[in-house]
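Chain by chain, the residues run as shown.
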2 protein chains.
Amino acid sequence: MKKRTTIVDLAREAGVTPGTISRALSNDPRVKQETREKIVLLAQKLHYQPNLSARLFKKGRTRNVGFYSELPTWVFYNNYFGRLISGVAQAAHEDDVKLVFYFSNIFLPSDGDVVKAKRELTGLDALMDGRIDGAIVLKDEDITEEEAEFFRAKSPVPLVLINNTLETQGFFQLTSGIYDRNLVALEYLFSRGHKKIGAIGLSAGGVYNRCSLEAFDTFYKKNGMVFNLEWFKVPPVGHDVSNSDDLAKSLLDLKKQGVTVVICADDLQGIFAIEILKKMGLRVPQDMSVLSFGQLARESSLQAPTLSMIETDLEAGGRKAYEFFKAALEGEKPVAQSLVWKAPTDHSSVAKV
Amino acid sequence: MKKRTTIVDLAREAGVTPGTISRALSNDPRVKQETREKIVLLAQKLHYQPNLSARLFKKGRTRNVGFYSELPTWVFYNNYFGRLISGVAQAAHEDDVKLVFYFSNIFLPSDGDVVKAKRELTGLDALMDGRIDGAIVLKDEDITEEEAEFFRAKSPVPLVLINNTLETQGFFQLTSGIYDRNLVALEYLFSRGHKKIGAIGLSAGGVYNRCSLEAFDTFYKKNGMVFNLEWFKVPPVGHDVSNSDDLAKSLLDLKKQGVTVVICADDLQGIFAIEILKKMGLRVPQDMSVLSFGQLARESSLQAPTLSMIETDLEAGGRKAYEFFKAALEGEKPVAQSLVWKAPTDHSSVAKV
DNA sequence: CTGTTAGCGCGTTCAT
DNA sequence: ATGAACGCGCTAACAG
């Protein structure tokens, strides 16, 4: 492998000092035209590339933005998170900032070393390693107040929290808006005449179910009705949220109770639900409508006539997260914002009751 | 934002020199136990985090591996490339190396600056910016010999080429094996009795069609038969490879010619083909079998009874690419390898002819 | 055992 | 218009 040609090599070759090279290549007006031309030519000839690491190191910046994820690497082929990341990547690229990935170690075995074990515990520590100017943080669960306090006080790099449900003081945040999007869904379904609305949650104990239920409860109360807790189905602990057997059992029970529409946690769950309903001999959406959140994956678009989506622009969300990172770098006052969710404009996939 | 506490701050506070701090924290045996403990305690108290940028800068390494892509950022939510990237990310993470993304600028407008324009032209130049120890390169088309020559001679960082079809001397390579996988497909289909095999290609002029056709030609000749060029359908230039109208026309034509199975370029194309065949009143796989390559996306798994896949472990491929990067760093001799493609073991989705 | 010095590659002074 | 010197944070070599 070829050794890097440094500014010193170039200076030696050109018979000048490194300072002159630096000035010549950064278009400093105080350098003789003739010298500059000679240097530029020589730089091309020797294929000199300034070492950005060194340059940025001196400046105390890295022009790297971290993306921290506590989820496994399937975020790279997941329609939801992948699109979010895609947005971040685009914004960063246009800004000539590199996107660097950090994954938590919580799934890896500890080797017993205390320092390492501690790092594995919080994971976020790694973001303070000096290799990034700040990070966009995708937590699995809400950040604890203890963690928040620590990073507010000690972190030399700003953190943008995404996918949090609570507002954590002192951080830029882009929440996924589980509560919000369920409200949008409920309003939409009410407008289509649905009164008995079912839902399939995610694994028990998580924020998704909590926030969703809160939205259901609030909305039904506001309309002078009571939400039946039996209509909110939570897959057994440890089960895949798209497990066919669980889904079939839940859907059958909902149907028996006269539920007319089921809200699924993600598009995949929705697609499976539709398949199961059809196998049960039910017509979708006439006998049961199915609704979910996000953007349809390309493969799922075949389901478009039956699956209705409460939509959001995830790539725009990613861009927004990057903007927050930039704002935080500039020292601006933290802002919390939710993804914007919109009701469908094409009503063909949700029955009118 | 808090200022970083540096090794100097720590040294001042502890009443020792930076050298001692460095040794104490890197478990150098030549430091008194008492001193080390004092320093470790103080480091925790002040939340000192060694600046990895500085540390690695001195060592002349970055512990960053680049992933260069000439494809848009949908690689982040694409089932094929996303899984490949996922494998790279896992391997890098386990090795405590960060994954940094580089995207080509070929889709962005030039601002007229000559240097920038040149960079936008090749794109790969950016990989020599000193921020990474090497890179995994996902090109859209094969690397030109001119480019190859340049990087062989001038690049201070090793490049691992993926998705290339040609073997380029002097580089570690993981080819996607378009030729190979088609051979596997053809052998499998012959073993199931198929003699008239159709295929849908990608946009005209690309390597995919070229390599596929070569495989078809070779295989048929070897078996004393002639492959009918009419059986290889190429979508019109500029059309989406899953365009319904084009697919319908192609499939109808294939059926008329007595073709019994169609090989699709990717799983999405395959899924659409199945839908179209069904709409045309044909039974899949009895009247026409559909086969494709890769790993089924989760959403596509609903098609399992009808869509047959020539399989490969893409995450393993990503890991392999990372191994190649490591080997290249160690100065090992370049190796070219193809993804390993396997015929299905469950034959229910391909009819016996 | 610990302090001192030098230097990684670069940009930015301050001189000349 | 250019050279010389310094420093970013850290580690390694050399002293003591």
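Note that the structure is a prediction, hence the values are computed from the model and not measured.

Draft legend 1. Focus on the sheet that holds strand β1 (residues 64-69) of chain A. Taken in spatial order, the 12 strands of this open sheet run β11(A)-β5(A)-β4(A)-β3(A)-β1(A)-β2(A)-β2(B)-β1(B)-β3(B)-β4(B)-β5(B)-β11(B), and their pairing is mixed. On the outer flanks of this sheet lie β11 (336-338) of chain A together with β11 (336-338) of chain B, each paired with one strand and no other. If you compare each strand with its neighbour and ignore which way they point, the axes differ by 20 degrees on average. Of the strands in this sheet, β1, β2 (98-103), β3 (135-138) and β4 (159-162) of chain A together with β2 (98-103) of chain B are in contact with helix α5 (residues 79-94) of chain A, which crosses β2(A) at around 140 degrees.

Draft legend 2. Region of the structure containing the relation of the copies chain B and chain A. The operation relating chain B to chain A is a screw motion whose rotation component is 180 degrees, with 0.1 Å of axial translation and a residual RMSD of 0.2 Å. Interpreted geometrically, this transformation is the action of a two-fold axis. Most of the interface of chain B is mirrored in chain A: 100% of its interface residues are interface residues there too.

Draft legend 3. Examining the protein's contact with DNA strand C more closely. Taken together, 22 residues lie near DNA strand C, and Ile7(A), Asn51(A), Arg55(A), Thr20(B) and Thr35(B) sit nearest. Counted by atom, the contact set of DNA strand C within 4 Å of the protein is 59% sugar and phosphate. Elements that contribute at least two residues to the surface near DNA strand C include exactly α2 (18-25) and α4 (52-59) of chain A together with α2 (18-25) and α4 (52-59) of chain B. Here the residues of the surface near DNA strand C sort into 7 nonpolar, 7 polar and 8 charged.

Draft legend 4. Here's a closer look at the confidence of the model for chain A. Residues and elements named next belong to chain A. Summary statistics for chain A give a mean pLDDT of 89 and a share of 94% for residues scoring 70 or more. No element of chain A has a lower mean pLDDT than helix α6 (residues 114-122), which averages 41, and none a higher one than strand β8 (residues 261-263), which averages 98. Every residue in residues 107-121 is under pLDDT 50, and counting partners more than four places away or in other chains gives 14 contacts.

Draft legend 5. A look at the protein's contact with DNA strand D. Neighbouring DNA strand D are 22 residues, the closest being Thr17(A), Thr20(A), Ile7(B), Arg55(B) and Lys58(B). A share of 68% is what sugar and phosphate atoms reach among the atoms of DNA strand D within 4 Å of the protein. Note that a phosphate oxygen of DNA strand D is positioned 2.5 Å from one of the side-chain N or O atoms of Thr20(A). For DNA strand D, a phosphate oxygen lies 2.8 Å from a polar atom in the side chain of Ser22(B). Counting only elements with at least two residues in the surface near DNA strand D, the list comes to α2 and α4 of chain A together with α2 and α4 of chain B. Looking at the surface near DNA strand D, the element that brings in the most residues is α4(B), giving 4 residues. Of the residues that constitute the surface near DNA strand D, the class distribution is 7 nonpolar, 7 polar and 8 charged.

Draft legend 6. Fine view of the packing of aromatic side chains. Across all of its chains, the model carries 39 aromatic pairs over all chains by this definition. Ring geometry for Phe190(B) and Tyr220(B): centres 5.7 Å apart, planes at 85 degrees, overall edge-to-face. Separated by 30 residues along the polypeptide, Phe190(B) in helix α8 (residues 178-191) and Tyr220(B) in helix α9 (residues 207-222) bring together distant segments of the chain. Judged by its relative accessible area of 12%, Phe190(B) falls in the buried class. Judged by relative accessible area, which is 1%, Tyr220(B) ranks as buried. In this structure, Arg83(A) is placed above the aromatic ring of Tyr77(B), and the distance from its NZ or CZ to the ring centre is 4.5 Å.

Draft legend 7. How the structure looks around the nonpolar core. Ranked by size, the top nonpolar core spans 154 residues in total, and within it Ile263(A) and Ile263(B) carry the most contacts. Grouped together as the second largest cluster of nonpolar side chains are 34 residues, Ala126(A), Leu159(A), Leu161(A) and Ile143(B) included.

Draft legend 8. Examining the packing of helix α8 (residues 178-191) of chain A against helix α9 (residues 207-222) of chain A more closely. All names here are of chain A. Two elements in contact, α8 and α9, have axes whose closest approach is 8 Å; the angle formed by their N-to-C orientations is 40 degrees. With respect to α9, the axis of α8 lies oblique. Both α8 and α9 take part in a crossing whose hand is right-handed. Every residue of α9 that contacts α8 at Ile178, Tyr179, Arg181, Asn182, Leu183, Leu186, Glu187 and Phe190 is listed here: Val207, Tyr208, Cys211, Ser212, Glu214, Ala215, Phe216, Thr218, Phe219, Tyr220 and Lys222. When its residues are assigned to classes, the contact of α8 with α9 shows 12 nonpolar, 3 polar and 4 charged.

Draft legend 9. Representation of the domain arrangement of chain A within the structure. Under the domain assignment, chain A is made up of domain 1 (7-50), domain 2 (64-177 + 314-338) and domain 3 (178-311). Computed from C-alpha atoms alone, the centre-to-centre distance between domain 1 of chain A and domain 2 of chain A is 40 Å.

Draft legend 10. Spatial organisation of the state of the cysteines. Residue and element names in this part refer to chain A. Enumeration according to the criterion identifies 0 disulfides over all chains in this entry. Counting only cysteine sulfurs, cysteine 211 is the nearest neighbor of cysteine 264, a cysteine outside any disulfide, at a range of 18 Å. Overall, the relative accessible area of 0% leaves cysteine 264 in the buried class.

Draft legend 11. Just the sheet that holds β8(A), in detail. Residue and element names in this part refer to chain A. Taken together, the 5 strands give an open sheet; going across it, the order is β7-β6-β8-β9-β10, and neighbouring strands pair in parallel fashion. Looking at strand neighbours, the two that pair on one side only are β7 (232-233) and β10 (307-310), the edges of this open sheet. Judged from the 4 bridges that link them, strand β9 (residues 289-293) and β10 form a sheet pairing that is parallel. Paired with serine 292 across the strands is methionine 309, a residue of β10. Across the face of the sheet, α8 comes into contact with β6 (197-200), β8, β9 and β10 while running at roughly 155 degrees to β9.

Draft legend 12. Representation of the pattern of salt bridges. A full pass over the atoms with the stated rule returns 26 salt bridges over all chains. What emerges from the salt-bridge pattern is a single network uniting Glu70(A), Lys139(A) and Glu147(A).

Draft legend 13. Summary view of the packing of helix α1 (residues 7-14) of chain A against helix α3 (residues 33-45) of chain A. All names here are of chain A. For the pair α1 and α3, interaxial distance at closest approach is 10 Å and the crossing angle is 125 degrees. On the basis of the axis angle, α1 is oblique to α3. Handedness of the crossing formed by α1 with α3: right-handed. Where α1 approaches α3, its residues Leu10, Glu13 and Ala14 are matched on the opposing element by Lys38, Leu42 and Ala43. Its residues assigned to classes, the contact of α1 with α3 comprises 4 nonpolar, no polar and 2 charged.

Draft legend 14. Looking closely at the interface of chain B and chain A. Opposite the 70 residues of chain B that make contact, chain A presents 70 residues. Buried surface at the junction of chain B and chain A, summed over both partners, amounts to about 5700 Å²; 62% is from carbon and sulfur atoms. Our count for the chain B to chain A interface comes out at 0 salt bridges. For the pair chain B and chain A, the interface holds 18 residue pairs in polar contact (both at pLDDT 80 or more). Counting residues per element, the ones that place at least two in the side of chain B that touches chain A are α4, α5 (79-94), β2, α7 (145-154), α11 (267-279) and α12 (314-329) of chain B. A class-by-class count of the residues in the side of chain B that touches chain A yields 31 nonpolar, 21 polar and 18 charged. Where β2(A) and β2(B) come together, 3 bridges link them in antiparallel fashion. In the sheet register, Leu99(A) faces β2(B), and the bridge partner there is Phe101(B).

Draft legend 15. How the structure looks around a positive patch on the surface. Residues and elements named next belong to chain A. Taken together, the side chains of Arg55, Lys59, Arg61 and Arg63 define a basic patch exposed on the protein surface. Structurally, arginine 63 is set in the loop between α4 and β1. Given the relative accessible area of 33%, arginine 63 is considered partly exposed.

Here is what the cut-offs are and how they apply
- Residues numbered from 1 in each chain as written.
- Chains lettered and ligands numbered in written order.
- Predicted model: local features only at pLDDT ≥ 70, side-chain atom pairs only at ≥ 80, totals over all residues.
- Heavy atoms only, no water.
- Pairing = 2+ DSSP bridges.
- Helix = DSSP H or I, 4+ residues; strand = E, 2+ residues; numbered from the N terminus.
- Axes fitted to C-alpha atoms, helices over the stretch in contact; angles between N-to-C directions.
- Contact = heavy atoms within 4.5 Å.
- Least-squares fit on C-alpha atoms with pLDDT ≥ 70 in both.
- Near = heavy atom within 4 Å.
- Nonpolar A, V, L, I, M, F, W, Y, C, P; charged D, E, K, R; others polar.
- pLDDT = per-residue confidence, 0-100.
- Polar contact = N/O pair within 3.5 Å; in protein donor to acceptor, adjacent residues only side chain to side chain.
- Phe/Tyr/Trp six-rings, centres within 6.5 Å; stacked < 30°, edge-to-face > 60°.
- Buried < 20%, exposed > 50% of the residue type's maximum accessible area, 1.4 Å probe, protein only.
- Lys NZ or Arg CZ within 6 Å of the ring centre and 35° of its normal.
- Core = buried A, V, L, I, M, F, W, Y, C linked by side-chain atoms within 4.5 Å.
- Parallel < 35°, antiparallel > 145°, perpendicular 65-115°, else oblique.
- Left-handed = near helix turned anticlockwise from the far one by under 90°.
- Domains from an automatic or database assignment.
- Disulfide = S-S within 2.5 Å.
- Salt bridge = Lys/Arg side-chain N within 4 Å of Asp/Glu carboxyl O.
- Buried area = accessible area lost by both parts, 1.4 Å probe.
- Patch = residues over 30% accessible without salt bridge, like charges linked within 9 Å, V, L, I, M, F, W, Y side chains within 5 Å.
- Areas by Shrake-Rupley, 256 points an atom, 1.4 Å probe, with all protein chains shown as cover.
- Lys, Arg positive; Asp, Glu negative; His and termini not counted.
- Charge placed at Lys NZ, Arg CZ, Asp CG, Glu CD.

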